[in-house]
Amino acid sequence: DERSILMDRLDLELNQKMSRADLDDVVAQIYGTQAYDFVTYELLGTQEPFRLVITCRKGPVHQFGLGVRGDTEEIVSVLLNLGLFTHKLNGNSYDLEAKIGANPYLRLNWAYDQPKFPTLNARVSVRWTDLNMLRFNNDNRLSFSYLNASQELYMSNMHCKYFDIKAGIKNETIDIRNLRASQFIGDYDLTQLTNDFVSLYADVNTDTFDDGYFPTKGFKIGASYNWTFAGFPNRFNPFHTIHTDGKVVIPMGGSVALIPSYDFRFLIGPDIPVAYFNAIGGYLPGRYLDQQVSFVGIGKLAAMKNILTVYRADLRVKVAKNHYLTAIANYVRTCDFLVSYAVGPGNIGAALQYSYDTIFGPFSANIHWSDFTGKVGVYFSAGYNF
């Protein structure tokens, strides 16, 4: 029954001693199963040992979601989601997600979940990006059309203390067309515009933020490793990709918070296929390419060399209820070899941003600049990020 499944999943035992933090963690884990809409607990009795009673109210087993987002890069995008058996504690579940807009994609995920075992997943997806269609604030000197069709088999929910681990194998068919660049830096193989690539990968991450958009405490750390070792019909030299990112909220007193973050991506190997080039730019990471690192001051995309490091600091002030002002500064250094990392000045970007948190998602507007483009730009967005 569900009681025994939860006991196994949470590793709860009779006569177990627990602190208040342990109880909060149990409630958070039950919410994390997404099987319940309402979870509370109470302690019965007048002295130790108390009796712990956890009350869970089930929600719908299936789900349907509709999201709308508007911004000055893609104008309007719509996100559709259909989940079958996605809010069950165990067994099979199916999740279909489709984005309709200037940068569309389609994803279908199957998962099989059992207590005390990692979740087995299979995913197929296809995405299409055409930077030639996105002409607003087109200051990045790089444009192309990009088709990515992928298939994955992976294990998830492999918990290790505070970290969640995912690992699997992925096949990607990538087709880059109409590549045009007045500046394309980096030691990449520009002949690998269309090919099939097979990779083994592992991801590790933790997230303790108390809010997804305007956190007041917590931190987030992630790391991933990919070994891309085979391809057809074109052969290439196997290469490694190491990516790590992190962010922390440092309260400065009152309504002020300092939020430093970093994003590093290292490509290791000779003649990396151009499909995996390091890219920065835009407000949202991964918007046009999976490997895209956001960078205020650069619209859309800009190509970077094989070793990429981005440092960022946000100084956020809550000026009124749900109203925020944020000063943002970021800095990028890139090189092909570590011995030349300190050569050259790097590039900087800055922005001043106003945000209003609504039940329909944040509304944001900023004015930004970078020495990479030498231009001042504006960016508006409304709705949750996707």
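Placed above this text is the structure.
Residues numbered from 1 in each chain as written. Predicted model: local features only at pLDDT ≥ 70, side-chain atom pairs only at ≥ 80, totals over all residues. Heavy atoms only, no water.

**Q** I tried to follow the environment of Gly269 on my own but got confused; where do I start?
**A** For Gly269, the position within the fold is in the loop between β15 (256-268) and β16 (272-273). Along the sequence, Gly269 and Ile307 sit 38 residues apart, while their C-alpha atoms lie 11 Å from each other. Residue contacts for Gly269: discarding those within four places in its chain leaves Phe239 and Asn306. (Helix = DSSP H or I, 4+ residues; strand = E, 2+ residues; numbered from the N terminus. Contact = heavy atoms within 4.5 Å.)

**Q** Can you help me understand the nonpolar core in this one?
**A** Where a protein is soluble and globular, its nonpolar side chains tend to be buried together. If you look at the biggest cluster of nonpolar residues, it comprises 21 residues, and the most contacted ones within it are Phe144, Ile174, Ile176, Tyr276, Phe277, Leu289 and Leu301. The element that contributes the greatest number of residues to this core is strand β8 (residues 142-160), accounting for three residues. Every residue in contact with Leu289, bar those within four places of it in the chain, is listed here: Arg127, Phe144, Tyr146, Phe277, Ala279 and Leu301. Counting 11 residues, the second largest nonpolar core, distinct from the first, contains Ile5, Leu10, Ile30 and Ala35. (Core = buried A, V, L, I, M, F, W, Y, C linked by side-chain atoms within 4.5 Å. Buried < 20%, exposed > 50% of the residue type's maximum accessible area, 1.4 Å probe, protein only.)

**Q** Looking at this structure, I do not really get helix α2 (residues 20-32). What am I missing?
**A** Side chains that are three or four residues apart share a direction in an α-helix, a result of its 3.6 residues per turn. When the terminal C-alpha atoms of α2 are compared, their 18 Å separation across 13 residues agrees well with the 18 Å that a helix rising 1.5 Å per residue should span. Positive phi shows up at Gln34, right after α2, with a value of about 60°. (Expected span 1.5 Å × (residues − 1).)

**Q** Help me out: how do you make sense of the pairing of strand β13 (residues 239-248) in this one?
**A** Each regular strand carries side chains that alternate between the two faces of the sheet. When strand β12 (residues 219-232) meets β13, the two strands line up antiparallel, connected through 10 bridges. Note that in β13 the partner of Ile221 across the bridge is Gly246. Hairpin connection from β12 to β13: six residues lie between these consecutive antiparallel strands. Here β13 runs beside β15; their pairing, made up of eight bridges, is antiparallel. Within β15, the position partnered with Asp245 by the bridge is Asp263. (Pairing = 2+ DSSP bridges.)

**Q** Teacher, can you tell me more about the sheet that holds strand β19 (residues 302-304) here?
**A** Sheets are built from strands that pair by backbone hydrogen bonding, the pairs being arranged parallel or antiparallel. Taken in spatial order, the three strands of this open sheet run β18-β17-β19, and their pairing is mixed. Strands with a single pairing partner mark the edges of an open sheet, and in this sheet they are β18 (292-293) and β19. One ladder, built from three bridges, connects strand β17 (residues 278-280) with β19; its direction is antiparallel. When the bridges of β19 are listed, Ile280 appears paired with Ala302.

**Q** What exactly am I supposed to notice about helix α1 (residues 2-10) here?
**A** Listing the buried residues of α1 in full gives Ile5, Leu6 and Leu10. Buried residues of α1 fall within an arc of 115° about the axis and therefore sit on the same side. Where α1 is buried, its residues touch α2, β1 (36-44) and β2 (51-58). (Arc of directions from axis to C-beta.)

All we've got here are geometric facts, nothing functional implied.
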